[in-house]
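# Residue-level structure breakdown
What follows is the residue order along each chain.
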Amino acid sequence: MAESNKDIKIIAGAGADDNSIALKDALLSHLRSLNIEVEDLGNSSYYSIAGEVGRRVSQSLSSSSPEVRGLVACGTGVGVSIFANKFPGVFATTCLTPSEAVNARSINNSNVLAVSGYYTSAETAIEIVDAWLSSPFKSPCPASDNKAWPEEVENFLDKSLVEMPEVGKGGAVSKCVICCLVKNRVLEPVDLIPGGSMKIVKESPTSAFVRFTAGSVEPAHHHTFAHDLVVIEGKKSVWNVTKDERYDLSTGDYLSIPGGDVHRVKYHEETEFFVKWDGQFDIFFNEDLDAANHAIEAANHA
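Keep in mind the model is a prediction, meaning the values are calculated, not measured. (Residues numbered from 1 in each chain as written. Predicted model: local features only at pLDDT ≥ 70, side-chain atom pairs only at ≥ 80, totals over all residues. Heavy atoms only, no water.)

### Considering the pairing of strand β8 (residues 207-212)
Taking burial as the measure, the 6 residues of β8 include 5 buried ones, the bulk of the element. Of the strand pairs in this sheet, strand β7 (residues 196-202) and β8 are connected by 6 bridges, and their pairing is antiparallel. Of the residues in β8, the one forming a bridge with Met198 is Val210. The loop that links β7 with its antiparallel partner β8 comprises 4 residues. In terms of strand pairing, β8 meets strand β15 (residues 271-277) through 6 bridges, oriented antiparallel. (Buried < 20%, exposed > 50% of the residue type's maximum accessible area, 1.4 Å probe, protein only. Helix = DSSP H or I, 4+ residues; strand = E, 2+ residues; numbered from the N terminus. Pairing = 2+ DSSP bridges.)

Printed below as a string of structure tokens:
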């Protein structure tokens, strides 16, 4: 394969169905055989896992090395592409054939590949991912009759890289819908964690608006069910202790935490966020507040 030794990293995840998981695992095994760096985020609801892959690819765009791309799988390959595409600079495409993968790279500069666990065999999926990896932007492709693009088309494609990220900015909706929902809601204090308050809007699966004052700390804890959150306003750091990862979040950022993963949180300023669990809310603490503060201080000085 032309670009098998390229300085590239693939971040992958699959929806929680057997077909998607098996296809993702087969593709990751193939990628590792090509000595391509792979990070497997696991399997979850298709929207959660695709959102996490999209977020990670989007965050990587400011760094040139290694190039980070995403690989997502669900039943049709369509759902994961929708949610991966919600992040700036992500161009996720669902490809069912190698030709579609070549077109997606040549025309759209696709940096996230979505595949179908229902309609694509492992053998075909390997051909698709190889085509996607080895096809540069603006390369000859089936859409160009496998010939070089004319100069005017190349100029258009170059221009598209600048214009595509601007689509959707400054739209007709002047205010965040979630912000409008939270306005005037009364949040009740969270007795278990000082500085926190919460308003549950749905019991099961549980969703809630949450606010923490600046300087508040959530000691390491875990929940039975995975949860997704969007920061409405503010700034916080989340340490996923289970995975030894840190996420620094601010207004508009999204994060998904798998069920059972132990995590610790520090709020740098007053912060509001919307959170949805995949089931009913529960919480199990793994440390006390003093231990949490010591751990955060140690992490910040590491």
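Alright, that's what it looks like, and here's the rest.
### Describing the sheet that holds strand β2 (residues 37-44)
The parallel open sheet is built from 5 strands, whose spatial order is β2-β1-β3-β5-β4. Looking at the sheet topology across the chains shown, the edges are occupied by β2 and β4 (92-94). The sheet shows a mean angle of 20 degrees between the axes of neighbouring strands, direction not considered. As paired strands, strand β1 (residues 8-15) and strand β3 (residues 67-74) are joined by 7 bridges and run parallel to one another. When the sheet's bridge partners are listed, Ala12 is paired in β3 with Leu71. (Axes fitted to C-alpha atoms, helices over the stretch in contact; angles between N-to-C directions.)

### Quick notes on helix α8 (residues 289-300)
Between the first and last C-alpha of α8 there are 17 Å, a value that for 12 residues agrees with the 16 Å anticipated at 1.5 Å per step. At the N-terminal end of α8, a side-chain oxygen is found 3.3 Å from the backbone nitrogen of Asp290, two or three residues along, and the residue is Asp288. (Expected span 1.5 Å × (residues − 1). Polar contact = N/O pair within 3.5 Å; in protein donor to acceptor, adjacent residues only side chain to side chain.)

### Quick notes on the confidence of the model for the protein
Summarising the model, the protein shows a mean pLDDT of 88, and 91% of its residues fall at 70 or more. Long-range and interchain partners of residues 1-5, a stretch whose pLDDT sits below 50, account for 11 contacts in this model, where long-range means more than four residues apart. (pLDDT = per-residue confidence, 0-100. Contact = heavy atoms within 4.5 Å.)

### What to know about the packing of aromatic side chains
Enumeration over the complete set of coordinates arrives at 9 aromatic pairs. Members of the aromatic cluster, joined through ring pairs, are Tyr46, Tyr47 and Phe83. Note that Lys236 overlies the ring of Phe273, its terminal NZ or CZ placed 3.8 Å from the centroid. (Phe/Tyr/Trp six-rings, centres within 6.5 Å; stacked < 30°, edge-to-face > 60°. Lys NZ or Arg CZ within 6 Å of the ring centre and 35° of its normal.)

### Topic: the pattern of salt bridges
Within the structure shown, the criterion is met by 14 salt bridges. For the salt bridge of Arg56 with Glu39, the shortest nitrogen-to-oxygen distance reads 2.7 Å. With Arg56 in helix α2 (residues 46-60) and Glu39 in strand β2, this residue pair connects regions lying 17 residues apart in the sequence. Here Arg56 matches Glu39 in class, with each residue buried. One connected set of salt bridges, linked through shared partners, spans Lys9, Glu37, Glu39 and Arg56. (Salt bridge = Lys/Arg side-chain N within 4 Å of Asp/Glu carboxyl O.)

### Thoughts on the pairing of β15
Of all 7 residues in β15, 5 are buried; the element is thus mostly enclosed. As defined by bridge partners, strand β10 (residues 227-233) adjoins β15 across 6 bridges and the pair is classed as antiparallel. Following the sheet pairing, Leu229 is matched in β15 by Val275.

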